[in-house]
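The primary structure of each chain is shown beneath.
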Amino acid sequence: MIKALVFDIGGVMASENNMKDHYLPLCKALGIDEKQFFKAREKYISKAASGKITGKKMISLFAKDLKIDYNVLLKNWIKYKKKSQKKNFGLERIIKKLKKQGYKVGSLSGVIDLHYKIGMKNKIYNVFDFDFD
């Protein structure tokens, strides 16, 4: 008997286009060369996603590599990430129906801690009973 269901966050509950709505506008706003940005991203994103470093530590490493002020990068990173995350309200309705039918519903995601906090503020996770990172 099925008692619980788990949904992915990225691209499922949170529809987002990181390239179009987060990374490229961030680079443009700060005058960052896109190739340098993605080179730095490749160096650090998996460490942050696996929890080996925090999101803020990742941003500080990005800032150092890109020779940009940490606080400016962090502020803009958060700004554009907030704009890029859009809640899937259709899926939220389905999850609410499932919960009324007695199912426990959780989320599964490998997002970095900084993006998780933004998702919490954007109420991406508020419908779930539990979360797996």
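Residues numbered from 1 in each chain as written. Predicted model: local features only at pLDDT ≥ 70, side-chain atom pairs only at ≥ 80, totals over all residues. Heavy atoms only, no water.

### Regarding the overall build of the protein
No. 1: Tallying secondary structure elements over the protein gives six helices and five strands in all.
No. 2: Helices and strands in the protein line up, N terminus first, as β-β-α-α-α-α-β-α-β-α-β.
No. 3: Of all 133 residues assigned to the protein, the portion counted as buried reaches 38%.
No. 4: Of the contacts made within the protein by residues no fewer than 6 positions apart, 71% connect residues no fewer than 24 positions apart. (Helix = DSSP H or I, 4+ residues; strand = E, 2+ residues; numbered from the N terminus. Buried < 20%, exposed > 50% of the residue type's maximum accessible area, 1.4 Å probe, protein only. Contact = heavy atoms within 4.5 Å.)

### Thoughts on the side chain of Asn76
No. 1: Position of Asn76 relative to the elements: it lies in helix α4 (residues 70–84).
No. 2: Exposure remark for Asn76: the relative accessible area of 13% places this residue in the buried category.
No. 3: Of the polar contacts made by the side chain of Asn76, one reaches the backbone oxygen of Val72; its length is 2.8 Å.
No. 4: The contacts of Asn76, once residues within four sequence positions are left out, are Leu26 and Leu30. (Polar contact = N/O pair within 3.5 Å; in protein donor to acceptor, adjacent residues only side chain to side chain.)

### Points about the sheet that holds strand β5 (residues 130–132)
Whether parallel or antiparallel, the strands of a sheet pair through hydrogen bonds between backbone atoms.
No. 1: Spatially, the three strands line up as an open sheet ordered β1-β4-β5, and their pairing is parallel. The sheet is open, and its two borders are formed by β1 (4–8) and β5, each paired with just one other strand. For this sheet, the mean angle separating the axes of adjacent strands, direction not counted, is 30°.
No. 2: Two elements, β1 and strand β4 (residues 104–108), share five bridges in a ladder whose sense is parallel. Each bridged residue has a counterpart across the sheet, and for Phe7 the counterpart in β4 is Ser107.
No. 3: On the sheet, helix α5 (residues 89–100) packs against β1 and β4 and is oriented at approximately 170° with respect to β1. (Pairing = 2+ DSSP bridges. Axes fitted to C-alpha atoms, helices over the stretch in contact; angles between N-to-C directions.)

### Focus: the packing of aromatic side chains
No. 1: Tallied over the entire structure, the rule returns ten aromatic pairs.
No. 2: With centroids separated by 5.1 Å and ring planes inclined at 90°, the aromatic side chains of Phe37 and Phe38 adopt a geometry described as edge-to-face.
No. 3: For Phe37, a relative accessible area of 0% corresponds to the buried category.
No. 4: Given a relative accessible area of 22%, Phe38 falls into the partly exposed group. (Phe/Tyr/Trp six-rings, centres within 6.5 Å; stacked < 30°, edge-to-face > 60°.)

### A look at the packing of helix α3 (residues 55–66) against α4
No. 1: Direction vectors running N to C along α3 and α4 enclose 125°, while the axes themselves pass 9 Å from each other. It follows that α3 is oblique to α4 by the angle criterion. Classified by chirality, the crossing of α4 by α3 is right-handed. Contacts between α3 and α4 involve Lys56, Met58, Ile59, Ser60, Phe62 and Ala63 from the first element and Tyr70, Leu73, Leu74 and Trp77 from the second. (Parallel < 35°, antiparallel > 145°, perpendicular 65-115°, else oblique. Left-handed = near helix turned anticlockwise from the far one by under 90°.)

### Some points on the environment of Leu61
No. 1: Residue position: Leu61 is located in helix α3.
No. 2: Spatially, the C-alpha atoms of Leu61 and Tyr116 are 19 Å apart, while their sequence positions differ by 55 residues.
No. 3: Setting aside residues up to four positions removed in sequence, Leu61 forms contacts with Tyr44 and Ile53.

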